[in-house]
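# Structural overview
Chain residues, written in single-letter form:
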Amino acid sequence: MSEQHKDNDLDVHNVNSYFNFLHEKAKEINSISPTFCAAKWMQSTILLYNGETHSCHHPSRHKITLDDIKDNPKGIHNTTIKMYAREELLNGIQTKECDYCWRIENLNKTYISDRIYKSTYSWSLPYLKEIVESGKGKDIDPTYVEVAFDSTCNFKCVYCSPSSSSKWQEEVEQHGPIPQTNYNLYDITWLKDTGQLPIPNREHNPYIEAFWKWWPELYPKLHTFRITGGEPLLSKHTWKVIDYIKENKSENLVFAINTNLNTPDKLVDKLIDEINQISSNVKMVDIYTSLENTGEQAEYSRYGMNYEEFLGNVYKVLDNTPENTHLHFMTTINLTSAPKLLDFLKLIRDLRWKYKFSKHEFRVRTHLSYLRWPECFQLTLLSQEDKDKYSKEWLEFMEENRLTEKKDPKETFYIEEVDQMKRLVDYMNSKREDHRVYDDFRSYVKTLDQRRKTDFIDTFPEISYLMDDEYYG
């Protein structure tokens, strides 16, 4: 059962139950303001390695200034920029950084955007009164916190960048920048000038210092604490947090950790051992890993992956941890996902059939999110023929395998996941890109193929037309 269903005791088989709940709660949320979103107060992602943050994973990150944390370590969450955005949301303004949800809501007024989903989760809904009373929330403590202690990583995903992966940083430092039309994520000088380049581990880091000052006060109030990266299994701070949990029981805490599950075996084994040690000290352990296609196409997109080893570790984790350990597949669905996305969905279905508590309470979770950056990897670059083909393929599969009132044991996908797929398909078909984006894509891929000795055309024959210099949709 998905967490939101379980928390609200809703019937996952009733197509109306959850959406009736969401629409009813949307009235309450919109009565605060038609643009209100609890995530801006109660959810925080903080990149401690370079001092950036955002609330909700959709908006772009912004810099935490030293003034933000000068007198209060909570400033690593409650930044001046966030407080300004909160004021706009309270005043009914579609604040610019939250355009992911405005695109969904403006596409179709009946759609439930992530603004409503996130405001109705158990880490947000009970705190609406507290949020409103806090105003812009200068001293509010979030209930869902995600931190990245450092950017050390052994992957170079095609949609990632040097600001999030040490391997990416090494590649660009060695070979130089990858020019793009309207952003410079692959230019070390630009990243350094804008403060996005990670602070070297050997140097003093005021953001990590502020976090550990805040931690003892924050920890008891948390609903969810999540570690991301980089690759968290390669960070000493990850194991320090786990040691703290061993000594400080928190029965209502969901402890979560992101991992590519392709680190050395000893680290995956250590994670499994540590989970078994802390599982009785917390409510739940959530392991987040990333995938949105399969086989050699996944290895191309998530460069550094050994797909068979990855799958082996997925089974190893699920086979050797207690039932309160869940495995989530994060997706960044992009044009390289398209040819094998159906195979990915079948993998999720098969894993759910194998690992479940009851008929429809699964240990394996997913959330279907579309990629926004870099722009040249968006699904919108696909031909209309492929958009039509994949739309039909994905929607039919989700519909055939969704949970219904029949409650067949083979039913797999939750109502909100079917809805996420519909939104993804609508977004894919919502616009056509201009020549510049296609040129950026070809330039980017040619550069990666040259540097990494990969071959996009050979790996993705289904969409090889994208590399044709005359092709513009």
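Preceding this section is the structure that the text describes.
Cut-offs applied
Residues numbered from 1 in each chain as written. Predicted model: local features only at pLDDT ≥ 70, side-chain atom pairs only at ≥ 80, totals over all residues. Heavy atoms only, no water. Helix = DSSP H or I, 4+ residues; strand = E, 2+ residues; numbered from the N terminus. Rg over C-alpha atoms; globule rule 2.2 N^0.38 Å. Buried < 20%, exposed > 50% of the residue type's maximum accessible area, 1.4 Å probe, protein only. Contact = heavy atoms within 4.5 Å. Areas by Shrake-Rupley, 256 points an atom, 1.4 Å probe, with all protein chains shown as cover. Lys, Arg positive; Asp, Glu negative; His and termini not counted. Charge placed at Lys NZ, Arg CZ, Asp CG, Glu CD. Core = buried A, V, L, I, M, F, W, Y, C linked by side-chain atoms within 4.5 Å. Expected span 1.5 Å × (residues − 1). Arc of directions from axis to C-beta. Polar contact = N/O pair within 3.5 Å; in protein donor to acceptor, adjacent residues only side chain to side chain. Pairing = 2+ DSSP bridges. Axes fitted to C-alpha atoms, helices over the stretch in contact; angles between N-to-C directions. Parallel < 35°, antiparallel > 145°, perpendicular 65-115°, else oblique. Left-handed = near helix turned anticlockwise from the far one by under 90°. Nonpolar A, V, L, I, M, F, W, Y, C, P; charged D, E, K, R; others polar. Phe/Tyr/Trp six-rings, centres within 6.5 Å; stacked < 30°, edge-to-face > 60°. Salt bridge = Lys/Arg side-chain N within 4 Å of Asp/Glu carboxyl O.

Turning our eyes to something else, we now look at the overall build of the protein. Assigned secondary structure in the protein consists of 19 helices and 11 strands. Since a compact globule built from 473 residues should have a radius of gyration of about 23 Å, the 22 Å found for the protein is in line with a globular shape. C-alpha atoms of the protein, sized along the principal axes, occupy 60 × 55 × 50 Å. Split into buried and exposed, the 473 residues of the protein put 61% on the buried side. Within the protein, residue pairs in contact and separated by at least 24 positions form 76% of the contacts whose partners lie at least 6 positions apart. As presented, the protein carries roughly 19000 Å² of accessible surface, and 48% of it is formed by carbon and sulfur atoms. Across the protein, the centroid of the 61 positively charged side chains sits 2 Å from that of the 75 negatively charged ones.

Moving on to the nonpolar core. Formed by 139 residues in total, the largest nonpolar core has its most connected members in Phe 225, Phe 255, Phe 329, Trp 394 and Phe 441. The residues contacting Phe 441, other than those within four sequence positions of it, are Leu 335, Cys 376, Phe 377, Leu 381, Phe 456, Leu 466 and Met 467.

For the rest of this paragraph, the subject is helix H14 (residues 307-319). Between its terminal C-alpha atoms H14 stretches 18 Å, which fits the 18 Å expected from 13 residues at 1.5 Å a residue. Listing the buried residues of H14 in full gives Tyr 307, Phe 310, Leu 311, Asn 313, Val 314, Val 317 and Leu 318. Taken around the axis of H14, the buried residues stretch over an arc of 160 degrees, which confines them to a single face. Of the surrounding elements, those touching the buried residues of H14 are helix H12 (265-278), strand S7 (282-290), helix H13 (295-301), strand S8 (325-330), helix H15 (341-354) and strand S11 (364-367). Structurally, the start of H14 carries an N-cap: the backbone nitrogen of Glu 308 is 3.3 Å from a side-chain oxygen of Asn 306.

Turning our eyes to something else, we now look at the sheet that holds strand S1 (residues 43-47). The strand order across the open sheet built from nine strands is S3-S2-S1-S4-S5-S6-S7-S8-S11, with neighbouring strands paired in mixed fashion. The sheet is open, and its two borders are formed by strand S3 (62-63) and S11, each paired with just one other strand. Of the pairings in the sheet, the one linking S8 to S11 comprises four bridges and is parallel in character. Considered in S11, the bridge of Leu 327 is made with Val 364. Packed on one face of the sheet, H12 meets strand S6 (250-258), S7 and S8 and runs near 160 degrees to S7.

We now examine the environment of Arg 423. Considering the arrangement of structural elements, one finds Arg 423 in helix H17 (residues 415-428). Arg 423 sits in the buried class, given a relative accessible area of 2%. As for Arg 423 and Val 317, which are separated by 106 residues in sequence, their C-alpha atoms are 31 Å apart. Those residues in contact with Arg 423 that sit more than four places away from it in its chain are Tyr 100, Ile 104, Ile 112, Ser 113, Asp 114 and Tyr 117.

In this section: the packing of H12 against H14. Running from N to C, H12 and H14 cross one another at 20 degrees; their axes reach a closest spacing of 10 Å. By the criterion of interaxial angle, the relationship of H12 to H14 is roughly parallel. Between H12 and H14 the crossing geometry is right-handed. Between H12, through Val 268, Asp 269 and Ile 272, and H14, the contact on the second element is made entirely by Asn 313, Lys 316 and Val 317. By residue class, the composition of the contact of H12 with H14 is three nonpolar, one polar and two charged.

When we look at a pair of aromatic rings, we describe it by the centre distance and by the angle of the planes. Within this structure, the stated rule accounts for 33 aromatic pairs. Between Phe 211 and Trp 212, the ring centres sit 5.0 Å apart and the planes meet at 75 degrees, which makes this aromatic pair edge-to-face. Pair check on accessibility: Phe 211 and Trp 212 agree, each one buried. With 5.4 Å between their ring centres and 70 degrees between their planes, Phe 377 and Phe 441 make a pair best called edge-to-face. You can see Phe 377 sitting in the loop between S11 and helix H16 (384-400) and its partner Phe 441 sitting in helix H18 (residues 435-452), a full 64 residues away along the chain.

This next bit is on the pattern of salt bridges. This structure, assessed with the given rule, holds 31 salt bridges. Where Lys 25 meets Glu 28, a salt bridge forms, and the shortest distance between an N and an O atom there is 3.4 Å. One end of the pair, Lys 25, and the other, Glu 28, are both in helix H2 (residues 15-32), three residues apart, so they sit about a helical turn from each other. Here the salt bridges do not stand alone but share partners, grouping Lys 74, Asp 141, Glu 217 and Lys 221 into one network.

So, on to helix H4 (residues 80-90). Taken residue by residue, H4 has Lys 82, Met 83, Ala 85, Arg 86, Glu 88 and Leu 89 as its buried positions. Where H4 is buried, its residues contact helix H3 (39-42), S1, strand S2 (52-54), S3 and helix H5 (99-107). Gly 92, located one to two residues past H4, shows a positive phi value of around 80 degrees.

Further remarks concern the environment of Gly 295. By the element assignment, Gly 295 lies in helix H13. In sequence terms Gly 295 and Lys 340 are 45 residues apart; their C-alpha atoms lie 8.6 Å from each other.

Our next topic: the side chain of Gln 180. Of note, Gln 180 is situated in the loop between helix H8 (166-175) and helix H9 (188-193). In terms of polar contacts, Gln 180 uses its side chain to reach the backbone carbonyl oxygen of Asp 440, at 3.2 Å.

Of all five residues that make up strand S4 (residues 144-148), five are buried, and the element is covered over most of its length. Burial of S4 is two-sided: the residues Tyr 144, Glu 146 and Ala 148 facing one way and the residues Val 145 and Val 147 facing the other way are all buried. As paired strands, S1 and S4 are joined by five bridges and run parallel to one another. Across the sheet, the residue bridging to Ile 46 is Val 147, located in S4. In this sheet, strand S5 (residues 224-228) lies alongside S4 in parallel orientation, the contact comprising five bridges. What sits directly across from Tyr 144, in S5, is Thr 224.

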